[in-house]
Amino acid sequence: MHETTDSTPSPTRRGRLIFISGPSGAGKSTICRRLAELLPAEFAVSATTRPGKPQDAWGKRYLFVTEDNFKQRMEAGEFLEYALVFGNWYGTLRQPVEESLEQGRIVLLEIDVQGGIQVHKLFPAALGVFILPPSPEQLEKRLRDRGRDDEQTMLRRVTEAQQEVRVAQECGSYSLMVINQTLEKAVEEIANHIQRYTIHNETLPLPFGERR
Ligand code: 5GP
């Protein structure tokens, strides 16, 4: 199968898989929505045991399932990757991703670092992008402004974010780390990077953690 692609869906060329991770509050969801429009790319569908939220109506696509249903799908091998994140299960459904790749599309996975590591092992040609908040203070401010969490949860998220950044830098699965100073700049940087590998077919850089 030919590995090149551009951003136009093509049934004759295999698509590309992009996985994007980053701590909650780093601006990942907004960046992913912009990228999906710009490239264009498709969001993969994830099953999750967490309840739906009003803001789920657009952007990343979720299938809300019970824990029993999730476990059955897990045993049936329906997931490309899965992980327990903040006490809820999340898993990328394999079949829609494979179909979209067969059709030559760019598929965007908005997943956590545990999922990113699994995807990188399965698809070494997939591109991993990690989004960083400008600073721990900024992250705390964004989480506070978002107003979704109580004080204790918010402080836990800040600590977990620092841990997640360390894992992303060392795991060797992410080849691009982008600081989300301003939304437009971050989107542009990621889109340029993706297009270098999808349209211009450049070789992937060594992931962080494997660079000397
Ligand atoms: P949220 O519930 O806020 O949409 O997502 C919580 C976290 O779970 C985020 O870090 C998000 O990227 C991650 N996540 C969402 N879907 C998946 C998935 O299918 N697999 C994995 N591993 N993580 C996911």
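Data block above holds the structure.
Report follows, based on the coordinates. (Residues numbered from 1 in each chain as written. Predicted model: local features only at pLDDT ≥ 70, side-chain atom pairs only at ≥ 80, totals over all residues. Heavy atoms only, no water.)

Around the ligand, the surrounding shell holds 16 residues, and the nearest of these are Ser46, Arg50, Tyr62, Tyr90 and Asp112. Here an oxygen atom of the ligand sits 2.6 Å away from a polar atom, N or O, in the side chain of serine 46. Interatomic distance of 2.8 Å between a side-chain N/O atom of aspartate 112 and a nitrogen atom of the ligand. Protein contacts shield 89% of the accessible area of the ligand, which totals 510 Å² for the unbound molecule. Secondary structure elements with two or more residues in the shell around the ligand: strand E5 (79–85) and strand E6 (88–93). Within the shell around the ligand, the residues separate by chemical class into five nonpolar, four polar and seven charged. (Near = heavy atom within 4 Å. Polar contact = N/O pair within 3.5 Å; in protein donor to acceptor, adjacent residues only side chain to side chain. Areas by Shrake-Rupley, 256 points an atom, 1.4 Å probe, with all protein chains shown as cover. Helix = DSSP H or I, 4+ residues; strand = E, 2+ residues; numbered from the N terminus. Nonpolar A, V, L, I, M, F, W, Y, C, P; charged D, E, K, R; others polar.)

Time to look at the nonpolar core. Soluble globular proteins tend to bury their nonpolar side chains together. Ile18, Ile20, Leu35, Leu108 and Ile190 are the most contacted members of the largest nonpolar core, which totals 23 residues. No other element matches helix H7 (residues 183–198), which puts six residues into this core. Setting aside chain neighbours within four positions, we find isoleucine 20 in contact with Lys28, Cys32, Leu35, Leu108, Leu109, Glu110, Ile111, Val129 and Ile131. In this structure, Phe19, Ala44, Val119 and Tyr174 belong to the second largest nonpolar core, which totals 19 residues. (Core = buried A, V, L, I, M, F, W, Y, C linked by side-chain atoms within 4.5 Å. Buried < 20%, exposed > 50% of the residue type's maximum accessible area, 1.4 Å probe, protein only. Contact = heavy atoms within 4.5 Å.)

Here we take up the pairing of E5. Taking burial as the measure, the seven residues of E5 include five buried ones, the bulk of the element. Here E5 runs beside E6; their pairing, made up of six bridges, is antiparallel. Counted as the bridge partner of phenylalanine 79 is leucine 93 from E6. The hairpin formed by E5 and E6 contains two residues between the paired strands, and phenylalanine 86 there has a positive phi angle of roughly 45 degrees. (Pairing = 2+ DSSP bridges.)

What the five strands build is an open sheet, ordered E2-E7-E1-E8-E9; its pairing is parallel. Where the open sheet ends on each side, the last strands, each with one partner, are strand E2 (42–43) and strand E9 (176–179). Bridge count for strand E8 (residues 127–132) against E9 is four bridges, and the pairing is parallel. In the strand pairing of E9, phenylalanine 130 is matched with methionine 177. Across the sheet, helix H4 (residues 113–122) is in contact with strand E1 (16–21), strand E7 (106–110) and E8; its angle to E1 comes to roughly 155 degrees. Across the sheet, H7 lies against E1, E7, E8 and E9, angled at about 160 degrees from E9, the strand it touches most. (Axes fitted to C-alpha atoms, helices over the stretch in contact; angles between N-to-C directions.)

Interpretation in functional terms is not warranted from these geometric data alone.
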